[in-house]
Amino acid sequence: MQFTCAPEDAAFSHAPLMALLCRMPKAELHVHVEGTLEPELIFALAERNGVKLPYASVDALRAAYAFTDLQSFLDVYYAGANVLLHEADFFDMAMAYFRRAAADNVVHAELFFDPQTHTERGVAFVTMINGLTRASQQAEQQWGITSGWILCFLRHRSEAAAFETLAQAEPFRALLLGVGLDSSEQGHPPEKFTRVFARCRALGLRCVAHAGEEGPPAYIAGALDALQAQRIDHGVRCLEDAALVARLVAQRVPLTVCPLSNLKLCVVPSLAAHPLPALLEAGLCVTLNSDDPAYFGGYINRNFTDTFTALPQLGAAHAYRLADNSFTASFAPPERQAAWRQRLDRLFAAA
Ligand code: ADE
Ligand code: ZN
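Just so we're clear, the structure is a prediction, and the values are computed from it rather than from any experiment.

## Let's talk about the packing of aromatic side chains
Right, on to step 1. Taken as a whole and judged by the stated rule, the model has 18 aromatic pairs.
Right, on to step 2. Ring centres of Phe98 and Trp149 lie 6.4 Å apart, and the angle between their planes is 80 degrees; on these two criteria the pair is classed as edge-to-face. Residue Phe98 is found in helix 6 (residues 87-103), and its partner Trp149 is found in strand 3 (residues 146-154); the two are separated by 51 residues along the sequence.
Right, on to step 3. Residue class for Trp149 comes out buried when judged on its relative accessible area of 2%.
Right, on to step 4. Between the aromatic rings of Phe304 and Phe308, the centroid separation amounts to 6.3 Å while the plane-to-plane angle is 40 degrees, which identifies the pairing as tilted. Of this pair, Phe304 and Phe308 both sit in helix 16 (residues 300-310), 4 residues apart, roughly one helical turn.
Right, on to step 5. Clustering of aromatic rings is evident, with ring pairs tying together Tyr65, Phe67, Phe73, Tyr77, Tyr78, Tyr295 and Phe296.
Right, on to step 6. Across from the ring centre of Phe304, 5.8 Å away, lies the NZ or CZ of Lys26, which sits over that ring.
Right, on to step 7. In this arrangement the basic side chain of Arg134 is found over the ring face of Phe91, its NZ or CZ atom lying 4.1 Å from the centre.

Printed below as a string of structure tokens:
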């Protein structure tokens, strides 16, 4: 279905557009399951597992969510993940996400998890992957959401540590959709993991990578060249390099953009200043996602509604394009993408 921008959109007042954003089917392609741990669940799991938290209450923990950059967030995020010990903890965390995602009309999710955060505390790979994949099965039965798991290597850790994690993951290869790269970006260029990603590709794993969130455009090019990343997570700084934008457009490399994350981590000064309109205007295959919704003030629909509210030049045509892109950019089979697109078309035809 073809939607042009300005004229039709003028007919959309704010409330119907917000309803459309919320009701439209969508895929979420950039969400860290550890970033969906709500403070209430952190406290419940801490009590269940006898883990001592450095915060007196849920409110005190929430008060610590005042981030100045990526690292200030990661410090709190890794501390929160310490409560995850048993298979049931990973299951409960993932089910809580799927419940929220279903309410936001997410039909498909490709989620990141950070095994090194857990194995370094003595949690076995099998414990986490069993809990996560059991949640995927139940979410599909309960809400019809399909999902897949992307193992992220922590880029602040060494190449050797990444290889060790990959060795632990190999027996569970069939349960993995692909691999990614996350954590502290600055000073840890993609090239550090060239050999690990080559091995992952040889194993048939799909490759994505965080790049151009805080790091320079050269890290996006590095993720494409050295890692052969099929999607770039964030990538907002590509706009600083016109040749790179042209390459991303020509190669149809999707960007999984996360506006509330960018706001909370001070990548942008305000949502009104978010480069989403410029990214769309450039013809990039952009998707909207929540990144770490428990920490950044909202799940995927909140990312859509807050961003469209702050950027009134965005209308129904952009909403359609973002949902359509989320299907195209997913690793789901084309026939499933086509079925979601039909649902999207029906909703927009009736709007
Ligand atoms: N891990 C969790 N959220 C992240 C982000 N936004 N960037 C890098 N690593 C992360
Ligand atoms: Zn992320």
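## Considerations on the site of ligand 1
Right, on to step 1. Neighbouring residues of ligand 1: His32, Leu70, Phe73, Leu74, Tyr77, Asp182, Ser183, His210, Glu213, His234, Asp291 and Asp292.
Right, on to step 2. In the model, a nitrogen atom of ligand 1 is placed 3.4 Å from a nitrogen or oxygen of the His32 side chain.
Right, on to step 3. With respect to ligand 1, the side chain of His234 contributes an N or O atom lying 3.4 Å from a nitrogen atom.
Right, on to step 4. Computed on the free molecule, ligand 1 has an accessible area of 260 Å², of which 100% lies beneath the protein chains in the complex.
Right, on to step 5. Judged by its atoms lying within 2 Å of the grid points, ligand 1 is housed in the largest cavity.

## Quick word on the packing of helix 3 (residues 39-49) against helix 6
Right, on to step 1. Between helix 3 and helix 6, whose axes approach to 12 Å, the crossing angle comes to 165 degrees. Between helix 3 and helix 6, the angle falls in the class roughly antiparallel. Where helix 3 crosses over helix 6, the two elements pack in a sense that is right-handed. Packed against helix 3, whose contacting residues are Leu41, Leu45, Arg48 and Asn49, the element helix 6 presents Ala88, Asp89, Asp92, Met93 and Ala96 at the interface.
Right, on to step 2. For the contact of helix 3 with helix 6, a count of residues per class yields 5 nonpolar, 1 polar and 3 charged.

## Topic: the coordination of the zinc ion (ligand 2)
Right, on to step 1. Distances from the zinc ion (ligand 2) to its protein donors, His30 (NE2), His32 (NE2), His210 (NE2) and Asp291 (OD), fall at 2.0 to 2.3 Å.
Right, on to step 2. Given 4 donor atoms and angles of 84 to 177 degrees at the metal, the environment of the zinc ion (ligand 2) is assigned as irregular.
Right, on to step 3. In primary sequence terms, the donor set of the zinc ion (ligand 2) follows H-x1-H-x177-H-x80-D. Here the residue His32 occupies a position in strand 1 (residues 26-32), and Asp291 occupies one in the loop between strand 8 (286-288) and helix 15 (293-296), the gap between them amounting to 259 residues. The pair His32 / Asp291 is uniform in exposure class, with both members buried.

## Here we look at the packing of helix 2 (residues 14-23) against helix 16
Right, on to step 1. Between helix 2 and helix 16, whose axes approach to 9 Å, the crossing angle comes to 150 degrees. Classified by the interaxial angle, the pair formed by helix 2 and helix 16 is roughly antiparallel. Read as a crossing pair, helix 2 and helix 16 show a hand that is right-handed. The segment helix 2 lies against helix 16, with His14, Leu17, Met18, Leu21 and Cys22 engaging Asn301, Phe304, Thr305, Phe308 and Thr309.
Right, on to step 2. When its residues are assigned to classes, the contact of helix 2 with helix 16 shows 6 nonpolar, 4 polar and no charged.

## As for empty space enclosed by the protein
Right, on to step 1. Counted by the stated rule, this structure contains 1 cavity of 30 Å³ or more.
Right, on to step 2. What the largest cavity holds in volume is close to 110 Å³.
Right, on to step 3. Residue lining of the largest cavity: 17 residues in total, with His32, Leu70, Phe73, Leu74 and His210 positioned closest to the centre.

## Considerations on the layout of surface pockets
Right, on to step 1. In this structure, the largest pocket spans a volume of roughly 260 Å³.
Right, on to step 2. What lines the largest pocket is a set of 18 residues, and nearest its centre among them are Ser147, Gly148, Trp149, Leu175 and Leu177.
Right, on to step 3. The set of elements that each furnish at least two residues to the lining of the largest pocket consists of strand 2 (106-113), helix 8 (125-143) and strand 3.
Right, on to step 4. Of all the elements, strand 3 adds the most residues to the lining of the largest pocket, at 4 residues.

The rules behind the values
- Residues numbered from 1 in each chain as written.
- Chains lettered and ligands numbered in written order.
- Predicted model: local features only at pLDDT ≥ 70, side-chain atom pairs only at ≥ 80, totals over all residues.
- Heavy atoms only, no water.
- Phe/Tyr/Trp six-rings, centres within 6.5 Å; stacked < 30°, edge-to-face > 60°.
- Helix = DSSP H or I, 4+ residues; strand = E, 2+ residues; numbered from the N terminus.
- Buried < 20%, exposed > 50% of the residue type's maximum accessible area, 1.4 Å probe, protein only.
- Lys NZ or Arg CZ within 6 Å of the ring centre and 35° of its normal.
- Near = heavy atom within 4 Å.
- Polar contact = N/O pair within 3.5 Å; in protein donor to acceptor, adjacent residues only side chain to side chain.
- Areas by Shrake-Rupley, 256 points an atom, 1.4 Å probe, with all protein chains shown as cover.
- 1 Å grid on protein atoms, 1.4 Å probe; cavity = no way out; pocket = protein on both sides within 12 Å on 5 of 7 lines; lining within 4 Å.
- Sits in = over half its atoms within 2 Å of the grid points.
- Axes fitted to C-alpha atoms, helices over the stretch in contact; angles between N-to-C directions.
- Parallel < 35°, antiparallel > 145°, perpendicular 65-115°, else oblique.
- Left-handed = near helix turned anticlockwise from the far one by under 90°.
- Contact = heavy atoms within 4.5 Å.
- Nonpolar A, V, L, I, M, F, W, Y, C, P; charged D, E, K, R; others polar.
- Donors = N, O, S within 2.8 Å, 3.2 Å for Na, K, Ca; no water.
- Tetrahedral: all angles 85-135°; square planar, octahedral: opposite > 155°, others 65-115°.
- Points joined across faces, edges and corners; volume = space filled by probe spheres on them.

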